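# Descriptive analysis of the structure
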Amino acid sequence: MADPAPLGLAGFAMTTFALSIANTNIWGAGASAALALALVYGGAVQLFAGMWEFVRKNTFGALAFSSYGAFWIAYYVLVKFVLPGVKAGDVAVAVGVFLLGWTIFTAYMTIASLRVSGAVVAVFVLLTVTFVLLTIGAFQGQETVTKVGGWVGVATAAAAWYASFAGVLNETFKKTVLP
């Protein structure tokens, strides 16, 4: 069976990149692209990658890809269906609680990532920082903190793309081309 990790990492990277670009306010319309990606590439495809990791008996990959696939699908549902019905004054708390839960999950997955690879550790450390900043930005209504979180999110996407590229390149060449 082919390694599903490069696929899961690619779906995560592209969706994270689109949302992070929106969070930086470089291209606000990036949020629209992120929603489409959240449902399909970051959501469904990453969830499939997680299920394939279960078949490979890779607990870390199964939990990470399945969970972040579910994160992106839940993000889509939150933005499209839930938040429009939430009182304007309560949106920050709803988003903050959503992000806080993912911050906690990501923090403990960062510890587990220490046994995977340097590239995966980089993704998880950067993602933890991203979630911390976005959570603070959401709860405090701090656009500047959210922007910084967006920039760290762009770095997270770059690290995930690197890990995906290394995985597919090394498998294709049947040797370590990229660490």
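The sections below set out a description of the structure shown in this document. (Residues numbered from 1 in each chain as written. Predicted model: local features only at pLDDT ≥ 70, side-chain atom pairs only at ≥ 80, totals over all residues. Heavy atoms only, no water.)

Further remarks concern unusual backbone geometry. Although it is not a glycine, Asn 25 adopts a positive phi angle of roughly 70 degrees. Assignment of secondary structure puts Asn 25 in the loop between α1 (5–24) and α2 (30–55). Within the chain, Lys 57 stands out as a residue other than glycine whose phi angle is a positive 65 degrees. Secondary-structure assignment places Lys 57 in the loop between α2 and α3 (59–82). Classification of Lys 57 as exposed rests on a relative accessible area of 74%. (Helix = DSSP H or I, 4+ residues; strand = E, 2+ residues; numbered from the N terminus. Buried < 20%, exposed > 50% of the residue type's maximum accessible area, 1.4 Å probe, protein only.)

Our next topic: the packing of aromatic side chains. Taken as a whole and judged by the stated rule, the model has 16 aromatic pairs. The interplanar angle of 75 degrees and the centroid separation of 4.7 Å between the aromatic rings of Phe 71 and Trp 72 together place this pair among those described as edge-to-face. Both residues of the pair, Phe 71 and Trp 72, belong to the buried class. (Phe/Tyr/Trp six-rings, centres within 6.5 Å; stacked < 30°, edge-to-face > 60°.)

Shape is all these values report; function is a separate question.
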